[in-house]
Amino acid sequence: MDNNHTQGTALGRSLKIAMAYLVTGALWILFSDAALERLVSDPVTLSRLQTWKGWAFVLVTAAVLCLVLLRQLRRDREQLHMRKAQQEEILRLSQFQQGVIDNANVWLNVLDPNGKVLVWNRAAERISGYTSDEITGSVEIWQKLYPDPGYRAWVIDRVRGIVAGEEEVEGLETRILAKHNGERLISWNSRALKDSRGEVAGSIAIGVDITEQRAAENALKASERKLANLMDSLPGMAYRCLYDEFWTMKFVSSGCEELTGYKPEDLVDNRKVAWAELIEPGDTSDVLRQVEGAIGNASTFSVEYRIRRATGESIWVWERGRGVEDDHGMVLEGIVLDVTERKRLEERLSELATLDPLTGQFNRRETERILQEELVRAERYGRQLAVLWVDLDHFKRVNDSWGHAIGDKVLRTVSLRLADSVRTVDTLGRFGGEEFLVVLPEMSVAEACDTAERLRRRVASEPVPVAAEQSLEMTVSIGVAVYPDHGESADELCNRADKAMYLAKSLGRNRTEVYTPAPAEDLTSDGT
């Protein structure tokens, strides 16, 4: 079209120039001849002048024509150079466009208003499996990429809206059936193309194959779900926190609510409460010391401490974790378990190991251990220590007359009265049968005798109820031995307090006797 226009323009200009030359020549001949005939009457001279006039016309017109042709040649040469430069620029732009389109890493295609493919780059060929030659100028690609009729209809409806200029899409995901690679997930950005007059001339679409990306995202989500389920299934609470003064939580599992009474979001970033605020003040320094030690040794830490739940209840927890480096610096990761029941069980087992099951007082082994400790302390600080050996009088008669159940009740009742009559620093233990040992730290002979008498009078003054409106009057015989007056070891003190108790029995029972190294120490008793 441009070529025909150029040819038509050149022909018109040529005709105009020829007509101008004819008119000018005709006018020159007509008027110049008439002028010469008026001025010159001699035929010979007139003929000579007409010849010179003709040559002059030829020379002038030749010069004018030469100038015109020279100017035209210059203009044509300039236009030729300009056209060549334009063609080279167009070629470079075409090569650049083709290189960008074909070498792009994303799927790029252009459609005409009827949905036929005009451009189908190499990325489109690689992803779909269909070559440009197979696709260009065809609408069959829709059936190939979207074999399901319902799904294809939905996609084509969206394409029509884009081609019509009614909508643009960004991040629209469709699932295609590639020729060789099976189903692929493509994310599309597409809009209408308009010509110089502003009319829609088709559409351009850019597609990104996100199949592997979505598969990785789904795998990550599945892994996160499994991890979350695992965290939720763990007893107690899993956590990740900063190594700062608040133990600022960055992640807390859902077990937090059951453990502390607070929701996970309440603890994260200390929104409602900081973990450090939950730790009982008396345990804070021990927790910090053990965590610091583990971090310094690059090892795990295990620590038990008490926390205060949202309800105000204090519970025991066991925490195990370790320090790791990340973008925030040093952080702690681990788990926290509720071990309150275990601590209670341990305390109960400890009591069972140290207490007499019948009376609830310390058993013989624990009493001997306490006595040994008190002896070491008394020796270190140069203080006295008294030991009372207490034995129920005529207890065998109680068992024989009332049975062992009543006998056990009597033992329990008397032991409670003895325990109620000594100081908190004193120790009462059952040594076996109806015998009890009382350890009295920092007590002299006189003070020990006063304490022994108070115990004896308390037992004697309060009969033990054994049946309906029936009670038993019980008494005790007590022997006293004091460190270092009567011995320096636990065995010596116990033996000599025992001998003093037997002396009290031999002297009539229901009395207190202090150990004295006299012949009486060899006395023995044949019963209680």
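Computed from a predicted model, the values in this text were never measured in an experiment. (Residues numbered from 1 in each chain as written. Predicted model: local features only at pLDDT ≥ 70, side-chain atom pairs only at ≥ 80, totals over all residues. Heavy atoms only, no water.)

**Notes on the sheet that holds strand 3 (residues 169–178)**
Sheet strands line up and pair through hydrogen bonds in the backbone, either parallel or antiparallel.
Then, number 1: Read across the sheet, 5 strands follow the order 2-1-5-4-3 without closing on themselves; strand pairing throughout is antiparallel. A strand with exactly one partner marks an edge of an open sheet, and here the two such strands are strand 2 (117–120) and strand 3. Recorded for the sheet is a direction-independent mean angle of 30° between the axes of neighbouring strands.
Then, number 2: The pairing of strand 4 (residues 182–194) with strand 5 (residues 200–209) spans 9 bridges and is classified as antiparallel. Residue N189 lies in a different strand from strand 5, and its bridge partner there is I206.
Then, number 3: Docked against the sheet, helix 6 (residues 149–163) engages strand 1 (107–111), strand 3, strand 4 and strand 5, running at close to 140° with respect to strand 3. (Pairing = 2+ DSSP bridges. Helix = DSSP H or I, 4+ residues; strand = E, 2+ residues; numbered from the N terminus. Axes fitted to C-alpha atoms, helices over the stretch in contact; angles between N-to-C directions. Contact = heavy atoms within 4.5 Å.)

**Let's talk about the packing of aromatic side chains**
Then, number 1: Taken as a whole and judged by the stated rule, the model has 7 aromatic pairs.
Then, number 2: On the basis of an interplanar angle of 70° and a centroid distance of 5.1 Å, the ring pair of W107 and W120 is categorised as edge-to-face. Taken together, the residues span a long stretch of sequence, with W107 in strand 1 and W120 in strand 2 at a distance of 13 residues. Just as W107 is buried, W120 falls in that class too.
Then, number 3: For the ring pair W389 and F431, a centre distance of 5.2 Å and an interplane angle of 75° mean the geometry is edge-to-face. Pair noted here: W389 is in strand 11 (residues 385–392) and F431 is in strand 12 (residues 427–432), with a separation of 42 residues, a long-range link.
Then, number 4: Through a chain of ring-to-ring contacts, the aromatic side chains of W142, Y146, Y151 and W154 assemble into a single cluster. (Phe/Tyr/Trp six-rings, centres within 6.5 Å; stacked < 30°, edge-to-face > 60°. Buried < 20%, exposed > 50% of the residue type's maximum accessible area, 1.4 Å probe, protein only.)

**Looking at the sheet that holds strand 16 (residues 476–483)**
Then, number 1: Read from one edge to the other, the open sheet built from 5 strands follows the order 12-13-11-16-17, with strand pairing classed as mixed. Looking at strand neighbours, the two that pair on one side only are strand 12 and strand 17 (512–514), the edges of this open sheet. For this sheet the average axis-to-axis angle between neighbouring strands, irrespective of direction, equals 20°.
Then, number 2: Direction of pairing for strand 11 relative to strand 13 (residues 435–441): antiparallel, over a ladder of 7 bridges. Residue W389 lies in a different strand from strand 13, and its bridge partner there is L437.

**Re helix 12 (residues 340–354)**
Then, number 1: The end-to-end C-alpha distance of helix 12, which contains 15 residues, comes to 21 Å, matching closely the 21 Å that a straight helix rising 1.5 Å per residue would cover.
Then, number 2: Listing the buried residues of helix 12 in full gives T340, K343 and T354. Relative to the axis of helix 12, the buried residues are bounded by an arc of 65° and lie together on one face.
Then, number 3: In this fold, the buried residues of helix 12 make contact with strand 8 (301–308), strand 9 (314–326), strand 10 (329–338) and helix 13 (364–381). (Expected span 1.5 Å × (residues − 1). Arc of directions from axis to C-beta.)

**Side note on the side chain of D498**
Then, number 1: Relative to the helices and strands, D498 resides in helix 17 (residues 490–506).
Then, number 2: For D498, which is buried and forms no salt bridge, the nearest opposite charge comes from K499, at a distance of 8.1 Å.
Then, number 3: Beyond its immediate chain neighbours, meaning those up to four positions away, D498 contacts W389 and E435. (Lys, Arg positive; Asp, Glu negative; His and termini not counted. Salt bridge = Lys/Arg side-chain N within 4 Å of Asp/Glu carboxyl O.)

**A word on a nonpolar patch on the surface**
Then, number 1: A surface patch of nonpolar side chains, amounting to about 330 Å² of accessible area, comprises I17, V60, V64 and V68.
Then, number 2: Among the elements that line the nonpolar patch, the one with the most residues is helix 2 (residues 43–103), at 3 residues.
Then, number 3: Inspection of the secondary structure assignment puts I17 in helix 1 (residues 2–39). (Patch = residues over 30% accessible without salt bridge, like charges linked within 9 Å, V, L, I, M, F, W, Y side chains within 5 Å. Areas by Shrake-Rupley, 256 points an atom, 1.4 Å probe, with all protein chains shown as cover.)

**Looking at the side chain of Q361**
Then, number 1: Within the element layout of this structure, Q361 appears in the loop between helix 12 and helix 13.
Then, number 2: Taking the relative accessible area as the measure of exposure, Q361 reaches 11% and is therefore buried.
Then, number 3: Not counting residues within four places of it along the chain, the set of residues in contact with Q361 comprises T354, L355, D356, S415, L416, A419 and L428.

**Observations regarding the pairing of strand 6 (residues 237–242)**
Then, number 1: For strand 6, the buried fraction is high: 5 of the 6 residues fall into the buried class.
Then, number 2: What sits between strand 6 and strand 7 (residues 249–252) in their antiparallel hairpin is a turn of 6 residues, with W247 showing a positive phi close to 50°.

**Examining the nonpolar core**
Then, number 1: Of all hydrophobic cores here, the largest spans 29 residues; its most connected members are L388, L392 and V410.
Then, number 2: Top element by residues in this core is helix 15 (residues 404–420). It accounts for 5 residues.
Then, number 3: Sequence-distant contacts of L388, that is, excluding residues within four places in its chain, are made with F436, L437, V438, L440, A448, T451, A452, L455, I478, G479 and V480.
Then, number 4: Judged by nonpolar contacts, the second largest core, of 26 residues, contains M237, C256, V287 and V291. (Core = buried A, V, L, I, M, F, W, Y, C linked by side-chain atoms within 4.5 Å.)

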